[in-house]
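Residue-level listing of the chains:
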Amino acid sequence: MNLTVLAAEEVQSPLIPPLPELVIGLIAFLIVFGFLAKKLLPNINKVLEERREAIEGGIEKAEAAQTEAQSVLEQYKAQLAEARHEAARLRQDALEQGTALKEELRAEGQRQREEIIAAGHAQIEADRKAASQALRQDVGKLATDLAGKLVGESLEDHARQSRTIDRFLDELEAKAEAAR
């Protein structure tokens, strides 16, 4: 008998369990699987769903932040372009004002120069007339003194002296102009 039991045991493969153990293992597996399906699987699914929603919400928030950042960047670029345009316009205005001011100052300087030249010419003319008058008087006095010494009498009569001097100087001026 011993040999028959041994022969029966030899026939059974070590990889295939006996039928009663297989049934008990299958029942235990179904109980554990049922417990996991009823209790743990909904909690696991709930946590996975919350995680999926958090990830999707994070992605949406990141996309919204990306869109907002792009919008702010576009506004910044537009403001920067506008500021550059305004700076160029202000620079052009300043250049035009500087040119106008320079021309105005140049015209004012030219006007002042002409006034100074005109005043100088007037002063020279006045000085020339005063010198001519003083020279007439000096020449007249010298001529009268000389004529008085030549004639031997005094020519102190002022009216006659003046007429004589004027006549003499007029003749000199006429000769000078004729010589030109």
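Keep in mind that this is a model prediction, so the values were computed, not measured.

A. Structural view of the overall build of the protein. A tally of regular secondary structure across the protein gives three helices and zero strands. Secondary structure of the protein in N-to-C order comes out as α-α-α. Burial statistics for the protein: of 180 residues in total, 4% are counted as buried. Accessible area of the protein: about 16000 Å², with a carbon and sulfur share of 63%.

B. Structural context of the pattern of salt bridges. Throughout the structure, instances matching the rule amount to eight salt bridges. A salt bridge links Glu56 to Arg52, with the nearest nitrogen and oxygen atoms 2.7 Å apart. Taken together, the residues Glu56 and Arg52, both in helix H2 (residues 19-151) and four residues apart, mark about one turn of the helix. The network of salt bridges with common partners includes Glu49, Arg52 and Glu56.

C. Fine view of the packing of aromatic side chains. Scanning the entire structure with this criterion turns up one aromatic pair. Measuring from centroid to centroid gives 6.1 Å for Phe29 and Phe33, while their planes differ by 20°, and the two rings are stacked. In this pair, Phe29 and Phe33 both sit in helix H2, four residues apart, roughly one turn of the helix. In this structure, Phe29 and Phe33 share a single accessibility class: exposed.

D. Examining the confidence of the model for the protein more closely. Looking at the protein, pLDDT values average 83 and 87% of them are 70 or higher. The spread of mean pLDDT over the elements of the protein runs between helix H1 (residues 2-11), the lowest at 53, and H2, the highest at 89.

E. Local environment of a nonpolar patch on the surface. Nonpolar side chains collect at one region of the surface, where Val32, Phe35, Leu36, Leu40, Leu41, Ile44 and Leu48 lie side by side and expose about 620 Å² of accessible area between them. Along the chain, Leu41 turns up in helix H2.

F. Expanded view of the environment of Ser162. Here Ser162 is to be found in helix H3 (residues 158-179). Spatially, the C-alpha atoms of Ser162 and Gln137 are 8.9 Å apart, while their sequence positions differ by 25 residues.

The rules behind the values
Residues numbered from 1 in each chain as written. Predicted model: local features only at pLDDT ≥ 70, side-chain atom pairs only at ≥ 80, totals over all residues. Heavy atoms only, no water. Helix = DSSP H or I, 4+ residues; strand = E, 2+ residues; numbered from the N terminus. Buried < 20%, exposed > 50% of the residue type's maximum accessible area, 1.4 Å probe, protein only. Areas by Shrake-Rupley, 256 points an atom, 1.4 Å probe, with all protein chains shown as cover. Salt bridge = Lys/Arg side-chain N within 4 Å of Asp/Glu carboxyl O. Phe/Tyr/Trp six-rings, centres within 6.5 Å; stacked < 30°, edge-to-face > 60°. pLDDT = per-residue confidence, 0-100. Patch = residues over 30% accessible without salt bridge, like charges linked within 9 Å, V, L, I, M, F, W, Y side chains within 5 Å.

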